[in-house]
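Structural description and commentary
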There are 6 protein chains.
Amino acid sequence: MILLTRKADFSSAHFYWNDAWTEAENERVFGKCSNRQGHGHNYTLEVTVQGAIDPVSGFVVDLKELKDIMEREVVSVYDHRHLNHEVPEFKTVVPTTENMAIAIWRRLDGKIPGAKLHRVRVYEMADLFADFYGEGA
Amino acid sequence: MILLTRKADFSSAHFYWNDAWTEAENERVFGKCSNRQGHGHNYTLEVTVQGAIDPVSGFVVDLKELKDIMEREVVSVYDHRHLNHEVPEFKTVVPTTENMAIAIWRRLDGKIPGAKLHRVRVYEMADLFADFYGEGA
Amino acid sequence: MILLTRKADFSSAHFYWNDAWTEAENERVFGKCSNRQGHGHNYTLEVTVQGAIDPVSGFVVDLKELKDIMEREVVSVYDHRHLNHEVPEFKTVVPTTENMAIAIWRRLDGKIPGAKLHRVRVYEMADLFADFYGEGA
Amino acid sequence: MILLTRKADFSSAHFYWNDAWTEAENERVFGKCSNRQGHGHNYTLEVTVQGAIDPVSGFVVDLKELKDIMEREVVSVYDHRHLNHEVPEFKTVVPTTENMAIAIWRRLDGKIPGAKLHRVRVYEMADLFADFYGEGA
Amino acid sequence: MILLTRKADFSSAHFYWNDAWTEAENERVFGKCSNRQGHGHNYTLEVTVQGAIDPVSGFVVDLKELKDIMEREVVSVYDHRHLNHEVPEFKTVVPTTENMAIAIWRRLDGKIPGAKLHRVRVYEMADLFADFYGEGA
Amino acid sequence: MILLTRKADFSSAHFYWNDAWTEAENERVFGKCSNRQGHGHNYTLEVTVQGAIDPVSGFVVDLKELKDIMEREVVSVYDHRHLNHEVPEFKTVVPTTENMAIAIWRRLDGKIPGAKLHRVRVYEMADLFADFYGEGA
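Residues numbered from 1 in each chain as written. Chains lettered and ligands numbered in written order. Predicted model: local features only at pLDDT ≥ 70, side-chain atom pairs only at ≥ 80, totals over all residues. Heavy atoms only, no water.

Side note on the relation of the copies chain C and chain F
Placing chain C over chain F gives an RMSD of 0.0 Å and needs a rotation angle of 180°, together with 0.0 Å of translation along the axis. These values place the two chain copies in the arrangement generated by a two-fold rotation axis. Comparing interface residues between copies, 100% of those in chain C also lie at the interface in chain F; the contact surface is shared. (Least-squares fit on C-alpha atoms with pLDDT ≥ 70 in both. Contact = heavy atoms within 4.5 Å.)

Considering the side chain of N42 of chain F
Its place among the elements puts N42 of chain F in strand β2 (residues 39-51). Polar side-chain contacts of N42 of chain F include one of 3.1 Å to the backbone oxygen of N42 of chain C. Polar contacts involving the side chain of N42 of chain F include one to the main-chain carbonyl oxygen of E124 of chain C, which spans 3.0 Å. Once you skip the residues sitting within four places of it in the chain, N42 of chain F turns out to touch G40, H41, N42, E124 and M125 of chain C together with F10, S11, Y123 and E124 of chain F. (Helix = DSSP H or I, 4+ residues; strand = E, 2+ residues; numbered from the N terminus. Polar contact = N/O pair within 3.5 Å; in protein donor to acceptor, adjacent residues only side chain to side chain.)

Quick look at the sheet that holds strand β4 (residues 128-132) of chain C
To summarise the sheet geometry, strands pair through backbone hydrogen bonds and adopt either a parallel or an antiparallel arrangement. In spatial order, the strands read β1(A)-β2(A)-β3(A)-β4(A)-β1(C)-β2(C)-β3(C)-β4(C)-β1(D)-β2(D)-β3(D)-β4(D); together these 12 strands close into a barrel with antiparallel pairing. Recorded for the sheet is a direction-independent mean angle of 25° between the axes of neighbouring strands. Each of β1 (2-14), β2 (39-51), β3 (116-125) and β4 of chain C together with β1 (2-14) of chain D touches helix α4 (residues 97-108) of chain C; the most contacted strand, β3 of chain C, lies at about 145° to it. Contacting β4 of chain C together with β1 and β2 (39-51) of chain D, helix α2 (residues 63-78) of chain D runs over the sheet at an angle of about 25° to β1 of chain D. (Pairing = 2+ DSSP bridges. Axes fitted to C-alpha atoms, helices over the stretch in contact; angles between N-to-C directions.)

Quick notes on the pairing of β1 of chain D
Counting buried positions along β1 of chain D yields 11 of 13 residues, so the element is predominantly enclosed. In this sheet, β1 of chain D lies alongside β4 of chain C in antiparallel orientation, the contact comprising 4 bridges. Looking at β1 of chain D, one finds that A130 of chain C is bridged to L4 of chain D. (Buried < 20%, exposed > 50% of the residue type's maximum accessible area, 1.4 Å probe, protein only.)

Observations concerning the confidence of the model for chain A
Reading predicted coordinates in detail is not appropriate for stretches of low pLDDT. With 100% of its residues at a pLDDT of 70 or more, chain A shows a mean pLDDT of 97. On the interface metric, ipTM, the complex scores 0.96, and its pTM is 0.97. (pLDDT = per-residue confidence, 0-100.)

Re the relation of the copies chain D and chain A
Mapping chain D onto chain A calls for a rotation angle of 120° and an axial translation of 0.0 Å; the resulting RMSD is 0.0 Å. Taken together, these values place the two copies in the relation of a three-fold axis. Relative to the rotation axis, the C-alpha of A126 of chain D is the closest in chain D, positioned 8.1 Å from it.

So, helix α2 (residues 63-78) of chain B
Residues and elements named next belong to chain B. In this model, α2 (16 residues) spans 21 Å end to end at C-alpha, consistent with the 22 Å of a helix rising 1.5 Å per residue. Where α2 bends most, at E71, the angle is about 45°. The positive-phi residue at the C-terminal boundary of α2 is H80, with phi of around 55°. (Expected span 1.5 Å × (residues − 1). Bend = angle between axes of the 7 residues up to and from the residue.)

Notes on the arrangement of the chains
At the level of C-alpha atoms, the two units chain A and chain E stay apart, their nearest approach being 15 Å. A gap remains between chain D and chain F, with no contact made and the closest C-alpha atoms lying 15 Å from each other.

Concerning the interface of chain D and chain A
Of the residues lining the interface, 20 residues belong to chain D; the matching set on chain A comes to 17 residues. Surface buried jointly by chain D and chain A totals about 1600 Å² across both partners, of which 60% is contributed by carbon and sulfur atoms. On the surface where chain D and chain A come into contact, there are 0 salt bridges. Scanning the region where chain D abuts chain A turns up 5 residue pairs in polar contact (both at pLDDT 80 or more). Elements that contribute at least two residues to the side of chain D that touches chain A include exactly α1 (23-30), α4 (97-108) and β4 (128-132) of chain D. Broken down by element, the side of chain D that touches chain A gets its largest block of residues, 5 residues, from β4 of chain D. Residue classes in the side of chain D that touches chain A are distributed as 13 nonpolar, 3 polar and 4 charged. (Buried area = accessible area lost by both parts, 1.4 Å probe. Salt bridge = Lys/Arg side-chain N within 4 Å of Asp/Glu carboxyl O. Nonpolar A, V, L, I, M, F, W, Y, C, P; charged D, E, K, R; others polar.)

This is the structure:
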C-alpha cells in the first residue's frame, strides 16, 4: 500500500458572493474577494492516489494516464476560465478553496483505474490550501 | 552603489483582447487567454532600487517606506481587481506581463525618496516573467 | 469534513542550552546551536484546522479571522524576538522545532471559532520541520 | 508524540525497463523513461520520525545523528549513481518513485535510535512524489 | 525595449570525463561526477529574449511560439536523454552547466522571430546555475 | 565569457541599532529590528563569478573549490553566529542586507582562482535581497 501524488496547475478567475445577502453583507464576510468583477489565482492541484504496486511495472498507477485524467476532468474545465460564470458546480456554491477541493474530488473519484483516490489538495496561494479526503462527498 | 529588491504579491483577473480584431483573430493570437470572462493569476512583483548606502542607517532606502509605496501605488490598485475592467492603464493596452511591467514602472518612477528605480520585474506564473529597466517609459 | 491550512512567517533568534549541563556537554549535544549569543531563522508556521463547510459562506473558518488569530497569538509574540530571552514558554524548555510546535498548539487550541485545531507544523529551515497533532498537549 | 521531518537531496540516473517485455512493450508502458541510456533527476527525500520529546534536550531525535544516518544509509549509496546499474535493490525491481520509497524505508527502518520511522517521501520532480508508511515492507 | 523570460524543465543523465586523462586524474578533477555510469538532474532552462512590444498584441514575442521553439530546439533533444551518449554537442565537450548554457544558446540563437536572444540560464540544481549572454558563441 | 552562480545558506541573529541615537530614534528608524535582544534569519548567499571556460575541464571555476572558499570565508564566520556581537565588520556598521552584501564581497574578492567575482547577492528573506557588483568596495 503506497501513496502517489501528482500536481497540476491552472489559472482561473473567481469571486465570492452570496445572492441572498446585501452588497454590504457580502463585503463584510468576503472582504475584497466580494468584488464581482472577479480576481484570480494560479491554483495548484495535488491529487493523491492509494494502491498496491504492480510488481511488473513498479507503478501504483500509470503516470501518463493519471496526468491525462487530471487534465481531462479538471484542468481543461477550470483553466483560463471564470469559475463563477463558466464552471457548473460554482453556479450554486461559492468557489472557496474548500468547495473547490470537494468539487475536484467529485470530478475524479472513480475515474482512476486500479487505484483509490486518497486526497485532493488545492492551493489558492502558496500560503493557503484545503485538503479533502472524500468523507461525505 | 548597491541594488535592493523587494517583492510583493497581488491576485488579479485579466484577459487578452483587441477590439480591432474579430473573435477568431483574437483566439488565433491570444489562444485561451482571449476568453472574455477572464481568468487570473497570483502575480509577483519585484522592485529593484539603486542608490548609495546611508552610512548612518545602513539602508539604501527605508524598507518600510518602500513597502508602503509599492502597496499604495501598485498593490492596492491591482490586487483583487479585474485588470481590464478596473485599472485605467489597461483600458487601452492589453494587460500582458510586458505591458504590466511598463505600467508599474510608470506608477513607481520618481516616487521612491533617495533612490533610483532600477528594474521592475513581474511574474505572471513561476515560469514566465518580464523585466523593464525604464528605457522609453 | 475538510481541512484548511494557512501559513505565516516569523523571524526569531534562539539557541539551545541546558543549564544543568556543562558548556562541553551543551556543545556535544547541541553543536553550533549551543552558542549563547544566539543565531536565528525565518520560521514558517502552518496551521491546519478541521471542520464542516458553512453552506452559506463556503468557509470552514473565516480566513481573515484565522489570520488575525495566528498573528495575535503567535506571530506578534515570536516575530523579531529572541525566543530564549523574550518568550515565556522557552524560559523552561529548549526552543527546538519540536517544542515550538507544541507551544504554538497550546497558544492556538480552543481559540479558533467553529473549527478544531488539527495540526501545527513549524519549519525552522526548508529542510527541517516538526508536526504536532495535540496528543498529550 | 510528535513528528519530525528532515530532507536530503541526491542526484541519480535511472530508466524503466522490464526484461520480460519486448522493446515495443517497454516503450508503450514506460514511454520516454524506457530509454536504456538512462536519464536522471534531482531527488528529494523526506524522512519523518515519530517519538516522544526528550524533556532534557527538547529533541525527538538527535538531528545531526538523523542526518548522518540518512547520508550513510541512502544518500551515499544513491547519489551520483546510476540506480539500475549500481544500486542492488534495483537489479530486480524497476526504480520507480514508488519502489524507491519502499527501498529507502527498508534501508532506514530500525536504524534510528529512540524514534520510530513514520513515513518516507520521495520526490522525483517537484510535481511527483510517493509516500510509504511501512505497511507490508 | 523589454525582456521576457520563459522557463522549461528537462531531466537528463550525464557524467564528467576527459579521455585524455587517467581515471585517477578524472576523479581528482571531477570527483563523484566522473562516475561513467552517469547520474542525472532535473534541469531548469530560462530563456530571456529582448525586443520591442508589438503595440497591437502587447507581446514582445508570441509566448506559445517561444515555448514551441524551446521545446523543439532543446527540450525534445535533451529531455530523458543521456547527454554524453545521445546529444551531439557533448561528444566533444564535457556537459558542465557552463557548456550546456553555451550549447543551448547556439541551438536557439536566430530562431526566435522578432526578438533577440538576450540570455540563456541553466540550473543544474537549485543552488547552481550558469548564465550565457552570447559573447564569443 | 560566462557567469556561474553558486548558493549557500547560513542562519544568524542580528539587530539594527545606532549608538549615536536614542532608543526612540532607533525604534522610529529601525522599527521592530531595533530590539537589542536580536532576531534572526535563514540567509541565502548567491556568489556569481565570471570567467572563460577551461576547454579541458569545461569549468569556469572548480565547483568544489568555490564551495570551499564560500564556506571558509563566509559561512563558517556568519553561520550560527550573532552578527552584531561576533562578526568583526558589524561592530562598526549596521548588519543590513546591503551592508552584508558589501562585507561578503570584501571577504571573497581576490580569493577565487581563475575567475573574477561578478556579483554578491544576499537574501534576508525570500522577498528581500541586496546585490553588490563591487563598485566602490
